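Structural characterization, general
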Amino acid sequence: MKNKTGLEYARTKYSEHVVPHDTTLLDFIQEAMHGISRNKAKDILSGHGITVDRRQTTRYDEPLHAGQVVRISKHKRNNVLLNQYVKIVYEDKDLVVIEKREGILSMPATARQYSAKQVLDEYFEKRHFKCRAHTVHRLDRETSGLMMYAKSIEVAKTLEDNWHDIVYDRRYVAVVSGLVEQEGGTIQSYLKDNKAYVTYSSQEDNGGRLAITHFRTLSRTDRCSLVEVKLETGRKNQIRVHMQDIGHPVCGDLKYGDGNNPIGRLCLHAYRLHFHHPVTGESMHFETPFPTDFTRITNYNPTQQ
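Report follows, based on the coordinates. (Residues numbered from 1 in each chain as written. Predicted model: local features only at pLDDT ≥ 70, side-chain atom pairs only at ≥ 80, totals over all residues. Heavy atoms only, no water.)

Regarding the overall build of the chain
- Each helix and strand counted, the chain has 8 helices and 17 strands in total.
- A globule of 305 residues ought to have a C-alpha radius of gyration of about 19 Å, and the chain, at 21 Å, matches this closely.
- Considered along the principal axes of its C-alpha atoms, the chain spans approximately 60 × 45 × 30 Å.
- Buried positions account for 50% of the 305 residues belonging to the chain.
- Sequence separation of at least 24 residues holds for 62% of the intrachain contacts in the chain that already meet a minimum separation of 6.
- Approximately 16100 Å² of the chain is accessible, and the part contributed by carbon and sulfur atoms is 48%. (Helix = DSSP H or I, 4+ residues; strand = E, 2+ residues; numbered from the N terminus. Rg over C-alpha atoms; globule rule 2.2 N^0.38 Å. Buried < 20%, exposed > 50% of the residue type's maximum accessible area, 1.4 Å probe, protein only. Contact = heavy atoms within 4.5 Å. Areas by Shrake-Rupley, 256 points an atom, 1.4 Å probe, with all protein chains shown as cover.)

This is the structure in structure tokens:
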């Protein structure tokens with residue numbers, strides 16, 4: 001049987017609609033689906049079954065403009081995962097995207113450690129899926145945000161071998177200690193672990209791996225600032241060490257911080273994950289809102305950006 005192209009595969013999953021006039025997303029969904037109820041339309045949105053210009057959204061009052069493209073999932077979601085640490089954002093036969101809360105490992109370091117991978121494996125087993133969650137990247141235990149797991153060894157290998165070609169935009173938001181005067185910049189150094197597994201940074205090649213981090217300051221207070229961070233490389237503890245390098249460690253960082261811990265957690269959240277689907281080539285866009293505690297303590301106002 002001939003394999004489907006990425007476009008053909010997508011069309012079996014979505015109905016595609018061009019917005020004819022300015023409106024809101026909820027009104028448009030009702031119109032496009034021949035007058036379904038508002039509650040049903042909201043159910044589709046909350047189930048992450050809607051994309052606008054290939055960007056997934058759950059915001060029912062999102063404004064739409066003529067010419068935008070809305071895709072509506074054709075399949076009823078059967079998301080039965082109820083877990084305080086792991087929320088499924090997207091799932092298909094090849095991969096799953098989750099939002100991880102702080103306080104849980106991405107994968108276990110020992111057999112008995114609780115992890116997001118274990119949560120997903122148990123979820124697949126309950127649904128009688130013959131697959132496992134294969135880790136292709138990680139977030140620290142105390143870092144929250146978006147992660148992707150492969151459902152097969154083959155897809156995992158594709159992602160691992162072509163990560164920088166497939167994943168083209170990963171961004172974090174962090175609350176860092178002190179008032180960051182720079183509007184933004186780039187931090188570059190070599191990172192290497194010592195025998196105690198503490199990561200050290202050096203401007204000279206210390207036998208470690210080159211790490212490059214771009215940051216942009218979003219808001220400031222005397223005590224802490226909100227920064228957006230974009231990774232060019234993905235090294236262990238990269239953001240935490242590089243923020244320490246410029247004198248503004250991530251708040252709540254017990255390992256690389258300065259004791260500033262305004263909300264009782266590591267203030268680091270992976271809010272954006274954009275990638276090409278490793279099987280279909282489809283552009284996949286996922287974003288989560290900034291944690292409200294982050295914006296509150298830094299007086300962040302998105303309308304001023």
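Describing helix H4 (residues 116-126)
- Within the span of H4, buried status applies to Ala 116, Lys 117, Val 119, Leu 120, Asp 121, Tyr 123 and Phe 124.
- Of the surrounding secondary structure, the elements contacted by the buried residues of H4 are strand S7 (86-91), strand S8 (95-100), strand S9 (134-135) and strand S10 (144-150).

Focus on the pairing of strand S11 (residues 167-177)
- With 10 of 11 residues buried, S11 lies mostly within the body of the structure.
- Where S11 meets strand S16 (residues 268-276), 7 bridges bridge the pair, whose relative direction is antiparallel. Paired with Arg 170 across the strands is Leu 273, a residue of S16.
- Relative to strand S15 (residues 224-231), S11 runs antiparallel, the two sharing 7 bridges. Across the sheet, the residue bridging to Val 175 is Leu 226, located in S15. (Pairing = 2+ DSSP bridges.)

A look at the environment of Lys 93
- With respect to the helices and strands, the residue Lys 93 is situated in the loop between S7 and S8.
- Spatially, the C-alpha atom of Lys 93 lies 9.4 Å from that of Cys 131, the residues being 38 residues apart in sequence.
- A distance of 3.3 Å separates a polar atom in the side chain of Lys 93 from a polar atom in the side chain of Asp 94. (Polar contact = N/O pair within 3.5 Å; in protein donor to acceptor, adjacent residues only side chain to side chain.)

Details of the pairing of strand S17 (residues 283-287)
- Most of S17 sits inside the fold, with 4 of its 5 residues counted as buried.
- Bridge analysis of S16 against S17 gives 5 bridges, and the strand direction is antiparallel. By the bridge assignment, His 274 is partnered in S17 with His 285.
- Adjacent in sequence and paired antiparallel, S16 and S17 are bridged by 6 residues, among which Gly 281 carries a positive phi angle near 80°.

Considerations on the nonpolar core
- Among the nonpolar cores identified, the biggest contains 44 residues, and Ile 98 and Leu 120 are the most heavily contacted of them.
- With near-sequence residues (within four places) excluded, Leu 120 lies in contact with Leu 81, Val 86, Ile 88, Val 96, Ile 98, Ala 133 and Tyr 149.
- Among the nonpolar cores identified, the runner-up in size contains 19 residues, and Val 97, Leu 159, Leu 273 and Met 284 belong to it. (Core = buried A, V, L, I, M, F, W, Y, C linked by side-chain atoms within 4.5 Å.)

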